[in-house]
Amino acid sequence: MLNLRNTFDLQNDVIQILERDYPTKRTEYSASAKVEGQVQIVHIERDGHILYEWKGTSETTSIGGYDPFTKQNKLLFTFDKEVCVISCSVNKERTLLAVSILQGKKRNTINEPLRAVSKCLTLLIEIHPINNTKVLKAVDSRVRVQFLYPHSENPAVLESHLLLISEDSYIEQFHISLSTEEGYRVVIKNADRLAKDRVAEDFAWAQWDTQAQRLFVLVVTKQPCLKCIQFYPEHNFETLLELPLVLPTNPTTTVRLVNFGYDHYQEEGKADEGLNMHVLTSKTERSMCVCYSHPVRATEEISYTVAFVHRGYSKTFTVALEGAGAPLLNQMFYVNLDFYVAVCLPGHYLHFINTRQPDLACHSLFLSGEDASIHSLNPNSTILSLSEAMVLDVQAGKMFKASISQSSLLELLYKSRLDCHILAALHCAVVYLSSDADVELEIIRWLCDNVTRLGNFDHIQEFLLASLYGKIHVQSLCLDKVLPYTSMTHWEGEIPSVTCTTELLSQPVLREKARNLKGHWEELHWNMETMKYFDAVPNPRYKNNLISGEWTKLLAEMNNEEKKMSVQLRHALENTKKVLSVVDTWCLDKRVVPLFQEEDNQQRVLIGLMVDKLREHLYRHVGHLGKKKIDTLVVNYVAKLLELVRQILETMWIKYSLSFQVLCFKQQGSSAEWAVFHVMSKILEAAKGLCLPLPPGFHSLHTVLGVRCLPIHTFLLYIDHGVLHLTETFVTRLLKDLDNSEANEQLKFSIINRLPESLGQKIYQLWDHPMSSACIARNYVKNLLAKLEKKQSSYSTERERSFLQPEFLPLSYLAKTLSDVENQALNPFEEQENVDAHFVEEIALKQTFILMGFEEK
């Protein structure tokens, strides 16, 4: 599941080059630190430059650099004796090299182990060209070195800044002024009087953020406190953030240094000591997570905590391990994948923790056993997690770029039967991999194949909401708390082998300058302040199902032809026009499925109403985005929803090679049409549960497939229970395509009787049938007499009786009354000129003859 793409291989990129350039002695690479001729990675700089050391032919030690962009190796410096390099760093201009070495370590024979020494010598060396060497430190404790790589806009400035990190719990910064001699030689100015600052002291843990040039230190006084020190191009530095932490163990026993290179000569077991903690920041997500493991109290379980600083709380996970043997805590490592933090314990488990929406544990993916295997890493290797999702296998000498494997994620989606795996994999795929059209298509195919699968959640609802979130949230981070991310409010299912507890974090202290900085600190400060706001207001996340009452009200208003259209209804219909115009722009070349080709008043009102309500919600909570941006965002959100439904139907349409012949009523539906009908029923059920609109034409197509695929009584039952919706387009096509055979007449009568009254009156005019005429006449009489009651007046006008009129007194009296009222009451069918009292009289006589058996139907 964790895909590792090899970006550097010490054997191929360095050792083979050294063997070619130094053929007098074979240079070998071994996992043992005691093998002469070993080449080993010591440090990796911000620009990806890899520093390594190797032993020469005559007891010399050389330091080289590999440039990942030019794929070239360069010799930086050679000691004329064999030394143990525990740390080194080169400045951005490649003119200075800082090295820390252990003195007194010497091998008399190959098989003799290294003798312990206490002295550490830290040197500053001019290497452009190789010239003077200055001793910076000669102490008993080990010292790490790190040059700063500032974003300097003035390349002509000849100055470098060097951090010295001592295991005696202090950090110093040296300011090194440089000058050029003879046009090219770079030398140190005033080498005997280098200015320096004390950056930090009395810390138990420190981590260097190479990309952002930040230093994190853990200071333990009354309570452990994590501090972040930011370095600036003008060689200033400042503590910007302080975060009190509650740690599971006392971190003061041993100092732990992270991302300062790797010391191949540390005492056995030394690397396992100290707090295994890592701070992960994301420049794209503006998030900050503090991850640390707990002491192993039982061999069968392990615990670790991820503190979501940008969310204000932490989660502690306890994992029941499979297999025997207690793992070493130093084997656990953390990888920042922007949306996710990958917690890896090789051979045991792999946990992808959602950092953007961490509320529900089911949105994080936990794998164990074979699913958690990372085949690219050697067993029992020391793994270092670097910035930019880079991973270093120290013993193998390989670097990898980590990511979530698309193929493995989709494979898990298909084969898993656990709801927690399916839900986590689905969200990961549609959010983390949302930009990949092929992945989205594969997810839709999986969705269509698994619509019948039962579970604790609706697959289609989760797909629609997560996909919309994945497509829209990138426009602004503030949408995290206002847009729906899932249809689930809580998770009651289990995640095998994992338990989770949540605790609030102490409020971090963000200095004033950090709030005014652009980029990461600005967004992090905004995130923390926003969380306070959203925790205080009720229902900050938009819920579309709350508009169902207003939708019903607007539909009733739209069907009432006598009532003037309200302002809200007019706005809703205008919103719908904007959404459909956007969809039309996207779908100019995608007309596989017959959608968006009719006026569906029910969906038009819901589309416009959703735009209105979502826009109001965003104005209320994230109004700082501005009216224009919110309007565009809302229209695109609803348009993308309709487009997602179209994509699902198009995938099914292409899969089963359907054509427009499915719109014909005269043929029985095939098994392929039944499959599409079933998927459409599930889409309708999902949309109804969330009160989401569907593309105009969806209900007509769905009902046509229902007629073709279902028995008549089942079809009518689906209508009665709201699974199928009768539309004017569907009924009109049905009346035209089917003849008036007895079975077809029965179907037509059953459908017309289920229509709303306003739609039924329109449909009667389209069906040339005696019963349709009778219905028209009855409605005419009903509405005309209703007008008569309102007039409350007497009529004295007598109408001359035609000699052709039958002498049937009740009918004659009714015809006379209707004729009188026609002259004074508004005609409810005034747009239909052929409907009057004479028409009613003729229809009444015809129906009487039929009932008495004098005339066939």
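See the structure above.
Small disclaimer: the values here were computed from a predicted structure and weren't measured. (Residues numbered from 1 in each chain as written. Predicted model: local features only at pLDDT ≥ 70, side-chain atom pairs only at ≥ 80, totals over all residues. Heavy atoms only, no water.)

Some remarks on the nonpolar core
Grouped together as the largest cluster of nonpolar side chains are 164 residues, with contacts concentrated most on Tyr-304, Leu-337, Tyr-349, Phe-352, Phe-463 and Phe-715. The element contributing the most residues to this core is helix H11 (residues 627-655), with 15 residues. Contact partners of Leu-337, with chain neighbours within four places excluded, come to Leu-2, Ala-342, Phe-352, Ala-389, Ala-402, Ser-403, Ile-404 and Tyr-432. Residues Val-42, Ala-98, Ile-125 and Val-186 belong to the second largest nonpolar core, which totals 38 residues. (Core = buried A, V, L, I, M, F, W, Y, C linked by side-chain atoms within 4.5 Å. Buried < 20%, exposed > 50% of the residue type's maximum accessible area, 1.4 Å probe, protein only. Helix = DSSP H or I, 4+ residues; strand = E, 2+ residues; numbered from the N terminus. Contact = heavy atoms within 4.5 Å.)

What about helix H8 (residues 548-559)?
Between its first and last C-alpha, H8 extends 17 Å over 12 residues, near the 16 Å set by a 1.5 Å rise per residue. Looking at H8, one finds that the buried residues are Trp-551, Leu-554, Leu-555 and Glu-557. Along H8, the residues classed as buried sweep out an arc of 160 degrees about the axis, all on the same side. Exposed and facing more than 90 degrees away from the buried side of H8 are Thr-552 and Lys-553. (Expected span 1.5 Å × (residues − 1). Arc of directions from axis to C-beta.)

Description of the packing of helix H10 (residues 601-622) against H11
Contact geometry for H10 and H11: axes closest at 9 Å, N-to-C directions at 140 degrees. Of the possible angle classes, the one that applies to H10 and H11 is oblique. The hand of the H10/H11 crossing is right-handed. From H10, Ile-607, Met-610, Val-611, Leu-614, Arg-615, Leu-618, Tyr-619 and Val-622 reach across to H11, where they touch Lys-627, Ile-630, Asp-631, Leu-633, Val-634, Tyr-637, Val-638, Leu-641 and Leu-642. The residue makeup of the contact of H10 with H11, split by class, is 14 nonpolar, no polar and three charged. (Axes fitted to C-alpha atoms, helices over the stretch in contact; angles between N-to-C directions. Parallel < 35°, antiparallel > 145°, perpendicular 65-115°, else oblique. Left-handed = near helix turned anticlockwise from the far one by under 90°. Nonpolar A, V, L, I, M, F, W, Y, C, P; charged D, E, K, R; others polar.)

A short note on the sheet that holds strand E23 (residues 313-320)
The strand order E20-E21-E22-E23-E31 describes an open sheet built from five strands, whose pairing is antiparallel. Lying at the two open borders of the sheet, with one neighbouring strand each, are strand E20 (277-282) and strand E31 (498-504). Shown here is a sheet whose adjacent strand axes are inclined to one another by a mean of 20 degrees, direction ignored. Note: E20 against strand E21 (residues 287-293), six bridges, orientation antiparallel. Bridge pairing in E21 links Thr-281 to Met-288. (Pairing = 2+ DSSP bridges.)

Concerning helix H13 (residues 698-709)
Between its terminal C-alpha atoms H13 stretches 16 Å, which fits the 16 Å expected from 12 residues at 1.5 Å a residue. With 12 of 12 residues buried, H13 lies mostly within the body of the structure. Restricting attention to buried positions, one finds in H13 the residues Phe-698, His-699, Ser-700, Leu-701, His-702, Thr-703, Val-704, Leu-705, Gly-706, Val-707, Arg-708 and Cys-709. Buried residues belonging to H13 abut H10, H11, helix H12 (671-690), helix H14 (712-720) and helix H15 (728-737).

So, unusual backbone geometry
In this structure, Pro-129 follows His-128 across a cis peptide bond, with omega equal to -5 degrees. Among the structural elements, Pro-129 can be located in the loop between strand E8 (120-127) and strand E9 (130-139). A positive phi is found at Ser-169, a non-glycine position, where the angle reads about 70 degrees. Taking the relative accessible area as the measure of exposure, Ser-169 reaches 13% and is therefore buried.

Focus on the environment of Ala-429
Tracing the backbone shows Ala-429 in helix H3 (residues 419-432). C-alpha separation for the pair Ala-429 and Leu-413, spaced 16 residues apart in sequence, amounts to 9.2 Å.

Points about the sheet that holds E9
Pairing is antiparallel in the open sheet, where four strands are placed in the order E6-E7-E8-E9. For this open sheet the edge positions go to strand E6 (84-90) and E9, each flanked by a neighbour on one side alone. Averaged over all pairs of adjacent strands, the angle between their axes in this sheet comes to 20 degrees, without regard to strand direction.

Comments concerning the environment of Arg-570
Secondary-structure assignment places Arg-570 in helix H9 (residues 567-586). Sequence separation of Arg-570 and Met-558 is 12 residues, and the distance between their C-alpha atoms is 10.0 Å.

None of the figures reported here should be taken as evidence of function without further support.
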